[in-house]
Amino acid sequence: MTLQTLAVLRVLLVRPPAENFGLQIAKRCNLPTGSVYPILARLETAGWITSEWEDIDESVEGRRKRREYQLTQDGSARARAALVEAQQTLGEGRAALGEDPGSNAAWGF
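Scoring rules and cut-offs
- Residues numbered from 1 in each chain as written.
- Predicted model: local features only at pLDDT ≥ 70, side-chain atom pairs only at ≥ 80, totals over all residues.
- Heavy atoms only, no water.
- Core = buried A, V, L, I, M, F, W, Y, C linked by side-chain atoms within 4.5 Å.
- Buried < 20%, exposed > 50% of the residue type's maximum accessible area, 1.4 Å probe, protein only.
- Helix = DSSP H or I, 4+ residues; strand = E, 2+ residues; numbered from the N terminus.
- Salt bridge = Lys/Arg side-chain N within 4 Å of Asp/Glu carboxyl O.
- Axes fitted to C-alpha atoms, helices over the stretch in contact; angles between N-to-C directions.
- Parallel < 35°, antiparallel > 145°, perpendicular 65-115°, else oblique.
- Left-handed = near helix turned anticlockwise from the far one by under 90°.
- Contact = heavy atoms within 4.5 Å.
- Nonpolar A, V, L, I, M, F, W, Y, C, P; charged D, E, K, R; others polar.

Peer 1: How should I be thinking about the nonpolar core in this particular structure?
Peer 2: Within soluble globular proteins, side chains that are nonpolar tend to cluster in buried spots. Judged by nonpolar contacts, the single largest core of 22 residues is most densely connected at Val8, Leu12, Ile25, Leu40 and Ile49. Of all the secondary structure elements, the ones that give two or more residues to this core are α1 (3-14), α2 (22-29), α3 (33-45), β2 (67-71) and α5 (73-96). Tallying contributions element by element places α1 first for this core, with six residues.

This is how it looks when you write it as structure tokens:
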């Protein structure tokens, strides 16, 4: 599990499904879309997320349709477990380096 994938999972856990479009996820993770879309594709193939095109009239909205991504129930549980495991691993690494293992504020969980 890469740090980039963990960042994407964190965004998907925190934001309501209606706000989970690829570009928005990339911005919230501070990652390039060229990194985020392959992560989303892998998560969808693995069954962690689903996606669908938003239902809009492009000519009325004045923009193209966007793809909305949402964690599945199983994906949500697996994402939470992956984030907890990463936090524990990070804490153990910090403790081994003599740092405060509880200072994971940058992770936001």
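Continuing now.
Peer 1: Would you explain the pattern of salt bridges in this entry?
Peer 2: Two side chains carrying opposite charge are able to pair once their charged atoms lie near each other. For the structure shown, the criterion picks out three salt bridges. Residue Arg66 is joined to Glu54 by a salt bridge in which the shortest nitrogen-to-oxygen separation is 3.3 Å. In this pair, Arg66 sits in the loop between α4 (58-61) and β2 while Glu54 sits in the loop between β1 (49-53) and α4, placing the two residues twelve residues apart along the sequence. With a relative accessible area of 30%, Arg66 lands in the partly exposed category.

Peer 1: Sorry if this is basic, but what is going on with the packing of α1 against α2 here?
Peer 2: Packing of α1 against α2 brings their axes to within 9 Å, and their N-to-C directions diverge by 115°. The orientation of α1 relative to α2 falls into the category roughly perpendicular. Read as a crossing pair, α1 and α2 show a hand that is right-handed. Along the contact surface, α1 presents Ala7, Val8, Val11 and Leu12, while α2 presents Ile25, Arg28 and Cys29.

Peer 1: When you look at the packing of α1 against α3 in this model, what are you seeing that I'm missing?
Peer 2: The packing of two helices is summarised by the inter-axis angle and the distance between the axes. Interhelical geometry of α1 versus α3 gives an angle of 75° and a closest axis separation of 10 Å. Judged by the inter-axis angle, α1 sits roughly perpendicular to α3. Judged by residue contacts, Gln4, Thr5, Val8, Leu9 and Leu12 of α1 engage Val36, Ile39, Leu40, Arg42 and Leu43 from α3. Looking at the contact of α1 with α3 residue by residue, the classes come out as seven nonpolar, two polar and one charged.

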